[in-house]
Amino acid sequence: MLATLTLLLGLPLALATEPPTCAPLVSITFDNTTVPRLLGQWFYIAGATRYPPHLAEFKALTFDAFSLFPGSHEDELNVTEIMRLNETCVVKNSKLQVLQHNSTLVHVDSNQVASMATLIQSDEDLMILNEINIDSPSLSLSARTPNVSKEHMEEFKAHLHCLGFTEEDMFYTSREDACPLPGEKTDEGDTDPQLR
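Predicted, not measured: the structure shown is a model, and the values here were computed from it.

To continue, consider the nonpolar core. Taken as a class, soluble globular proteins show a tendency for nonpolar side chains to be buried jointly. Grouped together as the largest cluster of nonpolar side chains are 21 residues, with contacts concentrated most on I45, L141, M153, F156 and L160. Among the elements that take part in this core, strand β1 (residues 40-49) stands out by supplying 4 residues, more than any other. If we ignore the near neighbours within four places in the chain, the residues touching I45 are L141, S142, A143, T145, P146, N147, V148, M153, F171, Y172 and T173.

Take a look at the structure:
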């Protein structure tokens, strides 16, 4: 009887320590509210990839903020990205094409497809992108603010864990490495980000 009671009392503790179950990543289905919800300022928080070209950029990236604005038609967004790569602040303009029929975002840079991703969004202030046009897993987390809650970060880490990533595979940006906005003066003088 005592052994049964101990087993029953200990079972919830044993179950609570099991790693999260890995459900497939479920992307949202785009509708007429998707594009308006994406508009505005975003901060890149963290990501992980095994795709060599992106891995090199992730290693160099210490800060990234981007804004999404309406493009020339309803399924296109203009992107202005301000990032610090190593020690250099760079401003980059590109486009996002919104493919409604398969709920995919296509990042177009210099008139070439740079990446394709599905949107996995658990909260309207989070943007989790799962890159789909490469053979290696790649997942990124962006948010409306430069910080996310512990719960949101744990959710993102659980997604990464299910894709086979470890904590060592993750790359984070830092608000401390923020670049000035174009036209903004800094203590170091006039150091506008370079336009690329």
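After that view of the structure, there is still more to cover.
Residues spaced three or four apart along an α-helix point in a common direction, a consequence of the helix completing one turn every 3.6 residues. Given a rise of 1.5 Å per residue, 13 residues ought to cover 18 Å, and the 18 Å separating the end C-alpha atoms of helix α4 (residues 150-162) matches this to within 8%. Within the sequence span of α4, burial applies to M153, F156, H159 and L160. Buried residues of α4 fall within an arc of 115 degrees about the axis and therefore sit on the same side. Of the residues in α4, the exposed ones pointing more than 90 degrees away from the buried face are K150 and E151. If you follow the buried residues of α4, they end up packed against β1, β6 (112-120), β7 (126-131), β8 (138-143) and β9 (171-172). Directly after α4, the chain includes G164, whose backbone phi takes a positive value near 95 degrees.

So, on to the side chain of T104. With respect to the helices and strands, the residue T104 is situated in strand β5 (residues 104-109). Reaching out from T104, the side chain makes a polar contact with the side chain of N102 at a distance of 3.0 Å.

Within the chain, residue pLDDT values average 83, and 81% of them lie at 70 or more. Low pLDDT (under 50) marks residues 1-18, which in the prediction has 0 contacts with non-local residues, meaning those over four places away or in another chain.

Counting across every chain of the model gives 2 disulfides. A sulfur-sulfur distance of 2.2 Å marks the disulfide that ties C22 to C162. Of note, the bridge from C22 to C162 carries an S-S torsion of about -85 degrees and is left-handed in sense. Here C22 is found in the loop between α1 (2-16) and α2 (34-38), whereas its partner C162 is found in helix α4, with 140 residues between them in sequence. On the accessibility criterion, C162 (29% relative accessible area) is partly exposed. Taken N- to C-terminal, the disulfide-bonded cysteines of the chain are connected 1-3, 2-4.

Rules and cut-offs
Residues numbered from 1 in each chain as written. Predicted model: local features only at pLDDT ≥ 70, side-chain atom pairs only at ≥ 80, totals over all residues. Heavy atoms only, no water. Core = buried A, V, L, I, M, F, W, Y, C linked by side-chain atoms within 4.5 Å. Buried < 20%, exposed > 50% of the residue type's maximum accessible area, 1.4 Å probe, protein only. Helix = DSSP H or I, 4+ residues; strand = E, 2+ residues; numbered from the N terminus. Contact = heavy atoms within 4.5 Å. Expected span 1.5 Å × (residues − 1). Arc of directions from axis to C-beta. Polar contact = N/O pair within 3.5 Å; in protein donor to acceptor, adjacent residues only side chain to side chain. pLDDT = per-residue confidence, 0-100. Disulfide = S-S within 2.5 Å.

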